[in-house]
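# Structural description and commentary
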Amino acid sequence: MVNQEYLKAKQPILYQTFANAIKNHKLSHAFLLVGEHGTPLKETALYLAKTLLCEHPYPFACNECTTCRRVDNNQYADLIICDGETDSIKKDSVDRIMETFSRTAMENNGKVIYILHLVENATIEAINSILKFLEEPGKDTYAFLTTQNESRVLPTIVSRSQRLTLKLIPREEVIKDAKDLPVDDVEILSYFYNDAMSIREKINDENYLMIKEIFNHFIEHLNNQQDLLYTVETELIPNLHDKEDARFFFDLLASFLQDVVRASNGEKIFLTSYDKIIKDLATRLKHPTNSLLEVMNLRSQIDLNITLASIYEHLAIYLTKE
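Residues numbered from 1 in each chain as written. Predicted model: local features only at pLDDT ≥ 70, side-chain atom pairs only at ≥ 80, totals over all residues. Heavy atoms only, no water.

Take the overall build of the protein next. The secondary structure content of the protein amounts to 16 helices and five strands. By the compact-globule yardstick of 20 Å for 322 residues, the protein fits well, its C-alpha radius of gyration being 22 Å. Structurally, the protein occupies a C-alpha span of about 65 × 40 × 35 Å along its principal axes. The contacts of the protein with a sequence gap of at least 6 include a subset with a gap of at least 24, amounting to 71%. (Helix = DSSP H or I, 4+ residues; strand = E, 2+ residues; numbered from the N terminus. Rg over C-alpha atoms; globule rule 2.2 N^0.38 Å. Contact = heavy atoms within 4.5 Å.)

Turning our attention to the pattern of salt bridges. Counted according to the given criterion, the structure contains 18 salt bridges. For Lys-212, the salt bridge is made with Asp-185, and the minimal N-O distance between the two is 2.9 Å. Note that Lys-212 is positioned in helix α11 (residues 206-223) and Asp-185 in helix α9 (residues 183-189), a separation of 27 residues in sequence. Considered together, Lys-212 and Asp-185 belong to a single accessibility category, that of buried residues. Each of Lys-10, Glu-173 and Asp-177 takes part in one network of salt bridges that share partners. (Salt bridge = Lys/Arg side-chain N within 4 Å of Asp/Glu carboxyl O. Buried < 20%, exposed > 50% of the residue type's maximum accessible area, 1.4 Å probe, protein only.)

Considered as a void within the structure, the largest pocket measures approximately 1,300 Å³ in volume. Surrounding the largest pocket, 39 residues form its lining, Glu-43, Glu-85, His-117, Tyr-193 and Glu-244 being those nearest its centre. Secondary-structure elements contributing two or more residues to the lining of the largest pocket are α3 (41-53), β2 (79-83), α10 (196-202), α11 and α13 (243-264). Among the elements that line the lining of the largest pocket, the one with the most residues is α3, at six residues. Across the lining of the largest pocket, the residue classes break down as 13 nonpolar, nine polar and 17 charged. Looking at the second largest pocket, it is lined by 15 residues, and the ones nearest its centre are His-37, Gly-38, Ser-190, Tyr-191 and Phe-192. Class assignment of the residues belonging to the lining of the second largest pocket gives a composition of six nonpolar, five polar and four charged. (1 Å grid on protein atoms, 1.4 Å probe; cavity = no way out; pocket = protein on both sides within 12 Å on 5 of 7 lines; lining within 4 Å. Points joined across faces, edges and corners; volume = space filled by probe spheres on them. Nonpolar A, V, L, I, M, F, W, Y, C, P; charged D, E, K, R; others polar.)

Contact pair α13 / helix α16 (residues 308-321): the axes reach a minimum separation of 12 Å and the direction vectors enclose 15°. The angle between the axes of α13 and α16 places the two elements in the roughly parallel class. For the crossing formed where α13 meets α16, the hand is left-handed. Note on element contacts: α16 touches α13 through Leu-308, Ile-311, Tyr-312 and Leu-315, opposite Lys-243, Ala-246, Phe-249, Phe-250 and Leu-253. Across the contact of α13 with α16, the residue classes break down as eight nonpolar, no polar and one charged. (Axes fitted to C-alpha atoms, helices over the stretch in contact; angles between N-to-C directions. Parallel < 35°, antiparallel > 145°, perpendicular 65-115°, else oblique. Left-handed = near helix turned anticlockwise from the far one by under 90°.)

Among the secondary structure elements, Asp-275 is positioned in helix α14 (residues 275-284). Relative accessible area serves as the criterion here: at 28%, Asp-275 is assigned to the partly exposed category. The spacing of Asp-275 and Ala-263 is 12 residues in sequence and 9.1 Å in space, taken between C-alpha atoms.

With that out of the way, let us pick up the nonpolar core. In this structure, Phe-144, Phe-218, Phe-249, Leu-253 and Phe-256 are the most contacted members of the largest nonpolar core, which totals 86 residues. Ignoring sequence-local partners within four residues, the contact set of Phe-218 consists of Leu-228, Thr-231, Val-232, Leu-236, Phe-249, Leu-253, Leu-315 and Leu-319. Ile-127, Leu-131, Leu-134 and Leu-145 belong to the second largest nonpolar core, which has 23 residues in total. (Core = buried A, V, L, I, M, F, W, Y, C linked by side-chain atoms within 4.5 Å.)

Before going further, it helps to examine the sheet that holds strand β3 (residues 112-117). Ordered in space as β2-β3-β4-β1-β5, the five strands form an open sheet in which the pairing is parallel. Edge strands, defined here as strands with exactly one partner in the open sheet, are β2 and β5 (162-165). Here the strands of the sheet are splayed against their neighbours by 15° on average, with no regard to which way each runs. Across five bridges, the pairing between β3 and strand β4 (residues 141-147) is parallel. The residue of β4 that forms the bridge with Val-112 is Thr-141. Across the face of the sheet, helix α2 (residues 12-23) comes into contact with β1 (30-34), β4 and β5 while running at roughly 145° to β5. (Pairing = 2+ DSSP bridges.)

Cis peptide bonds are those with omega within 30 degrees of zero, and the linkage from Tyr-58 to Pro-59 qualifies with -15°. When you line up the elements, Pro-59 lands in the loop between α3 and α4 (66-72). Notably, His-25 is not glycine yet its phi reads approximately 55°, a positive angle. Along the chain, the position of His-25 falls in the loop between α2 and β1. For Asn-63, which is not a glycine, the phi torsion comes out positive at approximately 65°. For Asn-63, a relative accessible area of 16% gives the class buried.

So, on to helix α5 (residues 91-101). All of the buried residues in α5 are Ser-93, Val-94, Ile-97 and Phe-101. All buried residues of α5 lie within an arc of 100° about the axis, which places them on one face of the element. Exposed residues lying more than 90 degrees from the buried face of α5 are Asp-92, Arg-96 and Glu-99. For α5, the elements touching its buried residues are β2, β3, α6 (124-135) and β4. (Arc of directions from axis to C-beta.)

By themselves, these figures tell us nothing about what the structure is for.
Put into structure tokens, the structure is as follows:
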């Protein structure tokens, strides 16, 4: 969970900018949070929203009062989140927000807030509705938009928002911050999450542990030159039938192969818990860079009209041939 200490220590510019806006009573009605993959964009947007609603801010949200806990439990009526991470943000969703906020605030605070996570994934129709909202904000209406790709955000949206940037923390520093946790999990999850707090929350997630186990079996079979198709048929296809799980598996495999490429070039690797198998594959695979590129290519096909089983089978065949 993002808190004041994290922002002050890891995101000092964002911290100071938002703290000054609160202190000087010069809050923008719209903020655009920009950060690379892995930065806690949605979590930070939610925390800043909580800060405007918190009963005891100092100056940021306390994360302990009744209002903060209600926000965390998605029970605060005047805060609406539209998540573009798993699906595109559609016009109907934005219109529902506009309709809801056209009425009087339901909570005593009087402020109404909406969060659009990964606004670059909004449809053209939704963007037009968002623009109307940004052009004519209500007195106590606030928007927090997030993006991992600012170049895909309409310039008129950028110009109507105050930009806040989340700095990407060096991966080595993230691993160091989580040194009290199991090393292998920290090294793996530091590829996906750019802060120790998120890693701490994810580390015991059953879905993550399931995918990690399948991944371990897959790379063991790859290294031992065993039948990868058998692993695909008995583990990947039956268990990784959800697109989000498939993306995570391919991203994990890409992270692993990046270290294989690093090892083949004599560079430092991040997944030290897999040191032996990485070095073995660095000497055995003829073209590890090509394998990495193929994994990334197959990952991009997950959202196309191709079955996951076919993608998994192609992966096994390609890596076996390699």
